[in-house]
Amino acid sequence: MRNIKKVIAATAAVATLVGLAACGGGSDNSSNQGDADNAELVFWGWDSGNSMKDIIKGFEKANPGITVKFNNTGTAEKTSTALSNAIAAGNGAPDVVMLEDPTVTQFAVTDGLVDLSEFGADKLADDFAAGPWNKLQYNNKPYALPIDSGPEMFFYNKAVFDKAGVDGESIKTWDDYYEAAKKIRATGSYITNLAGTSNDYQPFTAQVWQAGAQPWKVDGENITINMTKDAGMKKYIQFVQKLIDEDLVDTKTPNWSDDWNRELNDGTIASLTIGAWMPVNLMSGAPDQAGNWRVAQLPQWEEGQEVSAEDGGSALSVVKLSKNQAAAYKFVEYMTHGDGAQEMADTGTFPSLKKILQSDSFTDPTTEGNKKTNDYFGGQNVNEVLSEAAQRPTEKFQYLPYNPFAQSAYGDEVSKAYTKEITLEQALKNYGDKLAKQGEDQGYTVTVK
Amino acid sequence: MSAATMTPAELKAQEKAAKKAEKERQKRVARDEAAERKRAAKTGFSNPANPTRSIGLTIVCAIFAVYCLFPFVYLVINATKTQADFTSTFGLGFGHTFALWDNIVTVFTYQDGIFGRWFVNTILYVVVGAGGATLLAIMGGYALAKFRFPGRNLCFAIIIGAISVPGIALAVPQFLLFAKVGLTNTPWSMIIPSLVSTFGLYLMWIFSDQAVPDELLEAARVDGAGEFRTFFQISLPLLAPGIVTTALFAIVATWNNYFLPLIMLKDADWYPLTIGLNQWKDQASTAGGQAIQNLVITGSLITIIPLVIAFLCLQKYWQSGLAAGAVKE
Amino acid sequence: MSEQTLGAASAQTGLLPEMTSRHTAQARINKHKADWRGWKFMWPFALVFVFVFIIPIVYAIFISFFKKQMIGGTKFVGFENYSRLFVDQQFWSSVWRVALFTIVQVPIMLFLAAAMALALDSMKLHGTKFFRISTFLPYAVPAVVSTMIWGFVYGAKYGLVGSFNDFFGTNLDVLAPDVLLAAIGNINTWEFTGYNMLIFYSSLSTIPHSLYEAASIDGASEWQIVKRIKLPELRGSLAITVIFSIIGSFQLFNEPSILQNMVPGNAITTYYTPNMYAYNLSFSGNQSNYAAALAITMAVITMAIAYAVQLRSMKEQMK
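Residues numbered from 1 in each chain as written. Chains lettered and ligands numbered in written order. Predicted model: local features only at pLDDT ≥ 70, side-chain atom pairs only at ≥ 80, totals over all residues.

## Points about the overall build of chain A
Then, number 1: Across its full length, chain A holds 19 helices and 15 strands.
Then, number 2: For 449 residues, the compact-globule estimate of 2.2 N^0.38 gives 22 Å, and the C-alpha radius of gyration of chain A, at 23 Å, lies within 12% of that figure.
Then, number 3: Along the three orthogonal principal directions, the C-alpha set of chain A runs to about 80 × 60 × 40 Å.
Then, number 4: Counting all 449 residues of chain A, 55% fall into the buried class.
Then, number 5: Considering only contacts within chain A whose residues lie at least 6 apart along the sequence, 76% involve residues at least 24 apart. (Helix = DSSP H or I, 4+ residues; strand = E, 2+ residues; numbered from the N terminus. Rg over C-alpha atoms; globule rule 2.2 N^0.38 Å. Buried ≥ 20, exposed ≤ 12 C-beta atoms within 10 Å, placed from the backbone. Contact = placed C-beta atoms within 7 Å.)

Below is the structure:
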């Protein structure tokens, strides 16, 4: 008994200590700009082009007082998890972090990132394509600068389309797409896969975004959720439900699974609507279809429209815990707006800087990188098509401040429509309710329409 | 015992004799049993539990062995494929090109040869982490078996309770604690958690209980030897088989440790193999990322090989060590 | 799962020595002089254990009484998280799922392990050494890799199941929601049967052969020897393996979460197992306080079941 008392006393003591320590990790707002020319920066991000080290060398050469340590944190999800852990701990956070666009708001809301207009980033607005730029604003202030972007494109396998007697170039609207889907299904293939897993969340947001839908609206501490009654959402639900009911889409294959690559590779999946960064993934994931894939502009909801949307894309932010914010911003600027941006584009990252999108070298079919891609796409000038899409107008679209939850809950709820347990409308309604509950749990005032 | 009336020299001699006798006896028993087994296996005579080998039973076990081994066949076959063959050819068939050597070379050269670095890290974590875990488990197990110290009984309850808490939910508190002390993103954040092998503690406790006779310890103490001298000179040698077993389990646990380093380490230079391979695997599902499943498969195969060698080398010790834990009175 | 099961193995710590009454008796003789000396050896383990386990657990208990919101910050809420958990259907559905998993998978795995151990011990096999190592080998494979391999085997389109379907014209899908749990159970069985087999096997090899001889002189049949001598011998190790298998399957995480990306639809939700639920709550749901309450509750449930089973096996021992 004596022992138990001792243990309880010790436990209580430890609890107090831990509690105190944990509460001390908040961010104070004092200026942590540091010396803009002398700093040792830590940079977390992922490195899809395997080119980060070289680009950093370029930066260090141009800024002799600053060194950058790059930690490859693997994936977007792991990076944002690690960042929230480090912010909670109050130390060990990087100076610069790469984030997927939708998660930027979350960290901005919780005061984890620096408002980059402090460094004049707001003046760069016109230099970037509108889609990626708009996603990174919170309270009309930029909290990150786009490092790559993903205007939603229509990729299709011409060999399969030809077999079905469909001309991919002539698909201009979603109605055309639906007609094509029927013909392709008749040959045994599917026009695309839709499984409603959490990996399909981003294409989902892109598609409803293009439809002009506002499934949720965030206004300070108020959130309005309108998952099924919004006009754009109605359009979307009706269309997709038709595809599911008539078995025109493969509902069993989730994006990014090994099966997905195999189906892209053997022609079972004949097209994708996905971000402009897809060519690299197609080339390594579907090698047998070299020469067969083509890219075109996204089908439109109304004939004659030219509306685009964003799928994916990432950005660089300065972390509030950084003691070298000025130098960190210098690095961010170099990577997104300066010479680094050009190098990133040269190694296959899809740019969001208008200057690059419009440059001759970007669409020059004779450069080594472009030649490789164009060969895979049967000689098509791929970047020309992508560049056009990137400069198309987009509607304003906001992500929820609790985007990671929105993404994982999407898989739990919406997939039920694709396994045909319930209708898509019902699934999205349940999804909306879940988002509303989470919003309330997080202290927001939520209205469900 | 009439220890009080003996001189230290006599005592020492007696102890030595006892030790020697015990050792000899154990040797004899082991020899006899081995011989007996051998004889049983050969002649099928002295083992009453039917010594003749059964083809039928062997076939049944072979089916089970196939179940255990065929996933390795998949691993080996796919390690010989290029990335293109990996996505385009059947999983258990060979690819168009035999790329095993290329894959091995690429595994070790990809991203400036970082795989080698991960390999060295893993070995460091295993040597320091699993080695330390073994030492701590030996000492702790020995203490639990041979001393009745205050708080001893509480140890059991606390350890059971602690490991019942889902490890996932502890990861964040653990991370926060390590971050406070400034240990995250250093090898220590990988090594310190590896130092706790509760299974090893249990094993060593049982083993000490049985392998180290109390009489021997008493004799040494009366002789005036300190606790640590007694431990190192008398107990440790007797514990050797148990130590090997504990070490082996600690090695496997550290080698395959995944979740905690994932949270603790952000610097790829300090990754262990499991994290590194998983990062390579994720590359296939990253926007704009290059799929390198062939390297993931080949890397996994390379990762398993050292463990297989460790098993093969240590399997003879293995039984006796674990056996102690399972013996019923 | 491997780290957790390894840790879980030590659940046994509380069990065996209490049963080995002889040593306890000896210990009592020593008691008056033992005092604090044990800590000389115990402190390094205890120190690291406190740092790695106890403080984080205490912290988890502490934060389970708070609620942190994106708007409004952190506030003390008493037992609110626990009462919410009590009516959380997602949580209970995950608990029932792992309970079902445990009830079915653990006996199958332990039966296979025991059967294999008996077969190896019978000395009737050709190539005992080969079988021993091949049964144990799967344990060496990291869960990440083994799930990848089994994902291929299960694939209804491109995997082995797919080839089977093509060949026999069947339409099997082992990743369909209603059989998925069994598919995961198979992965776990593959991974851990050898591990448990070895524990059984080594306990069998401690039986002195004189016992068999005596039995055979008495005219016991082979089956009787198994029943009267070998199976009772397995009871002690059975208690260990049962308890750590229970803790292991209650903490099921790796296999379902890696399979999640290979399985269509919502067959594997983010709250498929309690551990996955805790993970998603704290890493994507921004609800680490609620996740902490969940973890503590799970620990209490797991301990209660482990103790209940332990009690039963101890009673059996006394028969």
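Still more ground to cover, so stick around.
## What about helix H8 (residues 198-211) of chain B?
Then, number 1: Over its 14 residues, H8 of chain B runs 20 Å from end to end, which matches the ideal 20 Å to within 8%, given 1.5 Å per residue.
Then, number 2: Counting buried positions along H8 of chain B gives 13 out of 14 residues, so the element sits mostly inside the fold. (Expected span 1.5 Å × (residues − 1).)

## A closer look at the pairing of strand E2 (residues 66-72) of chain A
Two faces belong to every sheet, and in a regular strand the side chains alternate between them.
Residue and element names in this part refer to chain A.
Then, number 1: Among the 7 residues of E2, 5 are classified as buried, and the element is accordingly described as predominantly covered.
Then, number 2: Looking at chain direction, strand E1 (residues 39-45) and E2 are connected through 7 bridges and run parallel. Among the inter-strand pairings, Glu40 is bridged to a residue of E2, identified as Thr67. (Pairing = 2+ DSSP bridges.)

## A word on the interface of chain A and chain C
Then, number 1: Contacts between chain A and chain C engage 34 residues on the former and 24 residues on the latter.
Then, number 2: Counting residues per element, the ones that place at least two in the side of chain A that touches chain C are helix H1 (2-23), helix H10 (258-266) and helix H18 (403-418) of chain A.
Then, number 3: Counting residues per element, the side of chain A that touches chain C draws most heavily on H18 of chain A, which supplies 8 residues.
Then, number 4: The class makeup of the residues in the side of chain A that touches chain C is 13 nonpolar, 14 polar and 7 charged. (Nonpolar A, V, L, I, M, F, W, Y, C, P; charged D, E, K, R; others polar.)

## Topic: the sheet that holds strand E6 (residues 145-148) of chain A
The strands making up a sheet are joined through hydrogen bonds of the backbone, oriented either antiparallel or parallel.
Residue and element names in this part refer to chain A.
Then, number 1: An order of E2-E1-E3-E14-E6 is seen for the 5 strands of this open sheet, with the pairing classed as mixed. The open sheet has two free edges, formed respectively by E2 and E6, since each of these has just one partner strand. If you compare each strand with its neighbour and ignore which way they point, the axes differ by 30° on average.
Then, number 2: With 5 bridges connecting them, strand E3 (residues 96-100) and strand E14 (residues 314-318) associate as antiparallel partners. From the neighbouring strand, Met98 faces E14, where its bridge partner is Leu316.
Then, number 3: The strands that helix H12 (residues 325-336) touches are E1, E2, E3, E6 and E14; relative to E14, the one it contacts most, it runs at about 160°. (Axes fitted to C-alpha atoms, helices over the stretch in contact; angles between N-to-C directions.)

## Considerations on the domain arrangement of chain A
Residues and elements named next belong to chain A.
Then, number 1: With domains assigned, chain A is organised as domain 1 (39-150 + 312-358) and domain 2 (152-309 + 396-448).
Then, number 2: Computed from C-alpha atoms alone, the centre-to-centre distance between domain 1 and domain 2 is 28 Å.
Then, number 3: Counting residues at the interface gives 14 residues for domain 1 and 13 residues for domain 2.
Then, number 4: Looking at the side of domain 1 that touches domain 2, the elements that each hand over two or more residues are helix H4 (101-109) and helix H5 (130-135).
Then, number 5: With 5 residues, the top contributor of residues to the side of domain 1 that touches domain 2 is H4.
Then, number 6: Among the residues forming the side of domain 1 that touches domain 2, the class breakdown is 3 nonpolar, 9 polar and 2 charged. (Domains from an automatic or database assignment.)

## With respect to the nonpolar core
Then, number 1: By size, the foremost hydrophobic cluster in this structure holds 313 residues, and its most contacted members are Leu41, Met153, Phe155 and Phe331 of chain A, Ala169 of chain B together with Leu294 and Ala295 of chain C.
Then, number 2: The element that contributes the greatest number of residues to this core is helix H4 (residues 100-146) of chain B, accounting for 15 residues.
Then, number 3: The residue makeup of this core includes at least three contributed by each of domain 1 (39-150 + 312-358) and domain 2 (152-309 + 396-448) of chain A.
Then, number 4: Excluding anything up to four places from it in sequence, Ala169 of chain B contacts Ala60, Ala278, Ser282, Ala291, Ala292, Leu294 and Ala295 of chain C. (Core = buried A, V, L, I, M, F, W, Y, C linked by C-beta atoms within 7 Å.)

## Here's the deal with the sheet that holds strand E12 (residues 271-275) of chain A
All names here are of chain A.
Then, number 1: What the 3 strands build is an open sheet, ordered E12-E7-E13; its pairing is antiparallel. Each edge of the open sheet carries a strand with a single partner, namely E12 and strand E13 (293-297). On average, each strand axis in the sheet is inclined to that of its neighbour by 30°, with strand direction left out of account.
Then, number 2: With 5 bridges connecting them, strand E7 (residues 152-157) and E13 associate as antiparallel partners. Paired with Met153 across the strands is Gln297, a residue of E13.

## Focus: unusual backbone geometry
All names here are of chain A.
Then, number 1: In this model, Asn140 sits at a positive phi of 65°, which is unusual for a non-glycine residue.
Then, number 2: Locating Asn140 in the fold gives a position in the loop between strand E4 (137-138) and strand E5 (141-142).
Then, number 3: A residue is classified by how many C-beta atoms lie within 10 Å of it, and Asn140, with 7 of them, is exposed.
Then, number 4: In this structure, Trp256 takes a positive phi of about 70° despite not being glycine.
Then, number 5: Within the secondary structure, Trp256 is located in the loop between strand E11 (249-250) and H10.

## With respect to the environment of Tyr410 of chain A
Residue and element names in this part refer to chain A.
Then, number 1: In this fold, Tyr410 is placed in helix H18.
Then, number 2: We classify Tyr410 as buried; it has 25 C-beta atoms within 10 Å.
Then, number 3: Residues Tyr410 and Phe239, spaced 171 residues apart in sequence, show a C-alpha to C-alpha distance of 18 Å.
Then, number 4: Here Tyr410 is in contact with Ser198, Tyr201, Phe204 and Tyr431, once residues within four sequence places are set aside.

## A look at the environment of Ala306 of chain C
Then, number 1: Relative to the helices and strands, Ala306 of chain C is located in helix H15 (residues 288-318).
Then, number 2: For the pair formed by Ala306 of chain C and Ile243 of chain C, sequence separation is 63 residues and the distance between their alpha carbons is 5.6 Å.

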